[in-house]
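Remarks on the overall topology
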Amino acid sequence: MKSRRDFIKTAALGTVAAGILPKFSMAGNIPGGMSSKPLVISTWDHGLVANAEAWKVLSNGGRALDAVENGVMIVESDPSQTSVGRGGLPDRDGRVTLDACIMNEFGDCGSVACLEHIVNPISVARRVMEKTPHVMLVGDGALEFAIAQGFKKEKLLTENSEKAWREWLKESQYKPIINIENHDTIGMLAIDVNGNLSGSCTTSGLAFKMHGRVGDSPIIGAGLYVDNEIGAACATGLGETVIRQCGSFLVVELMRQGRTPEEACKEAVERIVKHEKDVKDLQVGFLAINKQGEYGSYAIHPGFNFALHNKEGNSLISSDHWQK
Ligand code: SD4
């Protein structure tokens, strides 16, 4: 089987071959660039399938909000994805608890956290935004709301997830490991033909976490932030450290001050590194786009990648990183 690293290398070459030339390209390093509109970007390898779905909306002149919801739903519904939705690895009690949020071009947002039994938390988050006076619903309250809205209650723990959990129980050591399957949230950002921005973020969080643990992904300003005048950002990686720095909000504010998306992501990563001091086992990646269609990313460690879909096609791009 190809390792993630090999896959990323191949994909990065593919990107250059596809003619998506980065603005600040240096050898072996494809950090950011400018794209025509519409465009959609999303985190990690599974961004490719998610982008393909989002593109159906965007290429038909649809709204960025619909694109970012439909796009990440594909990954949520896939039982083979162990970090998002149906296939998500459980917490240390064997319960699959999901976090998600969504934000539109008007700055409206909705979020669910620690939601069990619902395959598509992103759609529940959208309903929270559109049907309630609130921004965030958690736990049983979120589940009751979802059921009242017609979502189906299902058992999410797959055979594979249960097996992995039983294996983990043998040692019960909580050790988040960077860049592997317990760490792959999908965050998605899109600009539609009208130049409007939206974003979504959805995850099962860290595998084998404490029951009730909520990461950055459903927290507006941490896992996701959208300002239709400036740009949008999302985060992946160890949520606790992203929450401490209001990561995605920080990236958007830095773009407001004139940084490119990549510069803003880099500065936010540097802020995290400065605060955390020891980042040996800590991965965080930021992804951003601005109103002009520039995109960029930055991570602490090598291995973070994202998928970009525009008129030229859909490709994986390797992120630049702080650890050289
Ligand atoms: C969390 N940020 O729950 C998420 C996990 C993640 O890629 O992003 N994984 O902390």
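Cut-offs used in this document
- Residues numbered from 1 in each chain as written.
- Predicted model: local features only at pLDDT ≥ 70, side-chain atom pairs only at ≥ 80, totals over all residues.
- Heavy atoms only, no water.
- Helix = DSSP H or I, 4+ residues; strand = E, 2+ residues; numbered from the N terminus.
- Buried < 20%, exposed > 50% of the residue type's maximum accessible area, 1.4 Å probe, protein only.
- Contact = heavy atoms within 4.5 Å.
- Pairing = 2+ DSSP bridges.
- Axes fitted to C-alpha atoms, helices over the stretch in contact; angles between N-to-C directions.
- Phe/Tyr/Trp six-rings, centres within 6.5 Å; stacked < 30°, edge-to-face > 60°.

Some details on the environment of Leu254
Tracing the backbone shows Leu254 in helix 8 (residues 247-256). Using a relative accessible area of 4% as the deciding quantity, one classes Leu254 as buried. For the pair Leu254 and Glu267, spaced 13 residues apart in sequence, the C-alpha separation works out to 8.1 Å. Beyond its immediate chain neighbours, meaning those up to four positions away, Leu254 contacts Arg259, Ala264, Glu267 and Ala268.

Overview of the sheet that holds strand 4 (residues 109-115)
The sheet built from 8 strands is open, its strands ordered 5-4-3-7-6-2-12-13 with mixed pairing. Only two strands of the sheet have a single partner each, and these edge strands are strand 5 (136-138) and strand 13 (313-318). On average, each strand axis in the sheet is tilted by 10° relative to the strand beside it, whichever way the strands run. Relative to strand 2 (residues 39-43), helix 2 (residues 47-58) is tilted by about 155°, and along the sheet it contacts strand 2, strand 6 (186-191), strand 12 (305-310) and strand 13.

Details of the packing of aromatic side chains
Taken as a whole and judged by the stated rule, the model has 4 aromatic pairs. Ring centres of Trp168 and Phe208 lie 4.9 Å apart, and the angle between their planes is 15°; on these two criteria the pair is classed as stacked. One end of the pair, Trp168, is in helix 6 (residues 159-171); the other, Phe208, is in the loop between strand 7 (197-203) and strand 8 (224-227), with 40 residues separating them in the sequence. You'll find Trp168 and Phe208 in the same group, each marked buried. With 4.9 Å between their ring centres and 85° between their planes, Tyr225 and Phe249 make a pair best called edge-to-face. In this pair, Tyr225 is assigned in strand 8 and Phe249 in helix 8, connecting sequence segments 24 residues apart.

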